[in-house]
Amino acid sequence: MKHVGVNVAADPLFTLTYTGTRGGLILVSADDPGLASSQNEQDNRNYAKFAQMPMLEPADSQEAYDFTIKAFELSEKFGQPVMLRMTTRVCHSRAPVTLWKTPEEQTTPEYVRNVQSSVMIPAFAKKAHVRVVNTMHKLQEFNETSDFNMEISRSRDLGIITSGVAYQHSCEAAPDASVLKLGMTWPLPIEKIRRFAESVKRCVVVEEGTRFIEEAVKACGIPVDAKDEVFEYGELNVSRVRKLLAHDTSPDEKGAPGRPPALCPGCPHRKTFEILRDLNCIVSGDIGCYTLGVLPPFNAMDCSVCMGASIGLGLGLRSALSEKDARRVVSVIGDSTFVHSGITGIVQMVYNKPATGHLVLILDNSTTAMTGLQEHPATGRHMDMTPAPKLILEDLCRSIGVDHVDVIDPVSQNAEYIQLIKDRLASNDTSVIVVRRSCILEMKKIAKLAKKGA
């Protein structure tokens with residue numbers, strides 16, 4: 001999952017390290033330094049520390065393969081989930097990869113009842129916490145001699161402690177420096193780091209994101225250069241690493257202006273945002289490609305926080321604003337996001353209906369457009385495109401108790417759509433409009449698959 005996805009998974013994750021795992025389990029956290037496509041720039045290495053789980057950080061394509069296999073082995077050996085922390089550049093890079101692992105025969109495990117490990121009531125959790133701490137001590141001892149870490153001895157004038165893609169940048173930015181490349185970055189091999197730091201005159205931690213390694217190392221009394229705050233933001237590259245090593249905090253050179261993201265030509269969402277803009281609505285948005293409705297020429301989104309939050313935010317605005325402004329509030333959410341985490345918002349809307357009611361638009365383009373046109377429970381297809389039971393969004397909303405549920409095509413029924421929004425905004429009832437028209441890219445994908453089938 002992306003880094004923000006771990007926020008959603010954090011509740012069970014923190015208990016999972018207490019219960020432990022019988023089989024191998026990896027949590028892949030795809031962090032996004034530089035916010036290429038995210039709402040924040042959080043550094044999920046901190047999750048490994050807080051949840052008390054081992055973490056590996058591959059630096060290239062080969063290590064992404066190698067570390068994944070070794071992460072499963074590590075998880076099985078120590079009975080703990082393992083975080084595999086990826087970042088943007090590693091995920092977007094390509095290189096030849098040697099596949100060395102022989103596939104293992106799949107086995108079916110037998111259920112073994114172990115209540116004290118699987119039910120975290122306080123009496124059992126206290127013992128589990130002790131076990132987790134002891135396991136982390138064993139992992140730290142293991143990491144002191146593990147082959148996840150690599151030391152390159154060069155000049156004694158400068159030593160660099162680094163991990164992930166920052167290792168690649170460091171080697172190019174300072175080719176004469178000695179390097180301690182950490183592959184397992186939690187728990188850290190502190191004694192190995194201490195010996196390395198003592199072997200050089202000046203030691204610098206080069207890491208992408210927060211001062212995660214630097215602060216842990218300093219807490220153990222190992223002197224390393226402090227990273228200037230400006231390098232906690234954005235992605236690192238060779239130029240920025242050179243500046244980091246030189247304590248050069250001058251502004252980076254501005255690159256060529258990029259093309260701003262936009263809704264695709266022919267996207268059915270365009271009609272919705274044109275209408276909401278022209279009606280001067282207060283739009284509570286959500287996470288998806290339709291979040292681009294905030295940009296020109298639509299300028300038709302007022303807030304967006306996380307997946308599924310649009311309905312709750314809209315209900316809060318409806319309850320807090322004056323009646324005049326409350327009647328302008330509309331929640332907008334996509335079909336896949338609605339299935340993911342929007343259904344509870346509808347339950348809340350019906351259970352705690354605002355005085356002015358509320359209007360939710362489910363923009364149903366029949367796919368998960370924002371992440372690559374994946375299927376979901378409301379498309380009627382599995383990921384391999386075989387038929388699946390189809391969740392009918394309008395039936396679900398009616399079953400929850402929404403007063404008015406309508407289905408409309410925003411393009412072929414545009415005039416009716418405009419009037420319907422006006423009518424529902426004027427009502428004190430709860431309303432859901434399923435705005436149904438397929439994504440233009442999804443239509444192309446289905447047509448291509450149909451042609452192959454023919």
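Structure shown above.
The model shown is predicted, which means the values in this text are computed figures rather than measured ones.

A. Structural detail: the overall build of the protein. Along the protein, the regular secondary structure elements total 18 helices and 13 strands. Principal axes of the C-alpha set define a box for the protein whose edges measure 75 × 60 × 55 Å. Buried residues in the protein amount to 46% of all 454 residues. Here the analysis covers contacts within the protein between residues at least 6 apart in sequence; of these, 71% occur between residues at least 24 apart. When the accessible surface of the protein is summed, it comes to about 22600 Å², and 55% of that surface belongs to carbon and sulfur atoms. The centroid of the 51 positive side-chain charges in the protein is displaced by 2 Å from the centroid of its 54 negative side-chain charges.

B. Examining unusual backbone geometry more closely. Residue Pro187 is reached from Trp186 by a cis peptide bond, and omega for that bond is -5 degrees. Tracing the sequence through the fold places Pro187 in the loop between β7 (184–186) and α8 (190–198). Cis rather than trans, the peptide bond between Pro296 and Pro297 has omega equal to 5 degrees. Looking at the element boundaries, Pro297 is found in the loop between β9 (282–284) and α12 (309–320). One non-glycine residue with positive phi stands out, namely Gln52, at about 65 degrees. Positionally, Gln52 belongs in the loop between α2 (45–51) and β2 (55–56). For Gln52, a relative accessible area of 17% gives the class buried. One non-glycine residue with positive phi stands out, namely Asn299, at about 50 degrees.

C. Structural detail: the nonpolar core. By size, the foremost hydrophobic cluster in this structure holds 48 residues, and its most contacted members are Leu56, Ile161, Trp186, Leu188, Ile193 and Ile213. Looking at which domains feed residues into this core, each of domain 1 (3–93 + 114–145) and domain 2 (150–245) supplies at least three. Leave out the neighbours within four places in its chain, and Ile193 touches Ile161, Leu180, Leu182, Leu188, Val217 and Ile222. Counting residues in each nonpolar core, the second largest holds 40 residues, with Tyr290, Val332, Val360 and Val435 among its members.

D. How the structure looks around the sheet that holds strand β4 (residues 150–152). The strand order β4-β6-β5-β8 describes an open sheet built from 4 strands, whose pairing is mixed. Of all the strands in the sheet, the pair left with one neighbour each is β4 and β8 (202–206). In this sheet, adjacent strand axes meet at a mean angle of 15 degrees when their direction is disregarded. Judged from the 3 bridges that link them, β4 and strand β6 (residues 177–182) form a sheet pairing that is antiparallel. When the bridges of β6 are listed, Glu151 appears paired with Leu180. Lying over the sheet, α8 contacts β4, β5 (155–163), β6 and β8, oriented at roughly 175 degrees with respect to β6.

E. Structural view of the packing of helix α1 (residues 3–19) against helix α6 (residues 122–144). As a packed pair, α1 and α6 sit with axes 8 Å apart at the nearest point and diverge in direction by 80 degrees. Taken as axis vectors, α1 and α6 run roughly perpendicular relative to one another. Facing Thr17, Tyr18 and Thr19 of α1, the residues of α6 in contact are Ala125, Ala128, His129, Arg131 and Val132. Its residues assigned to classes, the contact of α1 with α6 comprises 4 nonpolar, 3 polar and 1 charged.

What counts, and at which threshold
- Residues numbered from 1 in each chain as written.
- Predicted model: local features only at pLDDT ≥ 70, side-chain atom pairs only at ≥ 80, totals over all residues.
- Heavy atoms only, no water.
- Helix = DSSP H or I, 4+ residues; strand = E, 2+ residues; numbered from the N terminus.
- Buried < 20%, exposed > 50% of the residue type's maximum accessible area, 1.4 Å probe, protein only.
- Contact = heavy atoms within 4.5 Å.
- Areas by Shrake-Rupley, 256 points an atom, 1.4 Å probe, with all protein chains shown as cover.
- Lys, Arg positive; Asp, Glu negative; His and termini not counted.
- Charge placed at Lys NZ, Arg CZ, Asp CG, Glu CD.
- Core = buried A, V, L, I, M, F, W, Y, C linked by side-chain atoms within 4.5 Å.
- Domains from an automatic or database assignment.
- Pairing = 2+ DSSP bridges.
- Axes fitted to C-alpha atoms, helices over the stretch in contact; angles between N-to-C directions.
- Parallel < 35°, antiparallel > 145°, perpendicular 65-115°, else oblique.
- Nonpolar A, V, L, I, M, F, W, Y, C, P; charged D, E, K, R; others polar.

These figures come from the coordinates and say nothing about function on their own.
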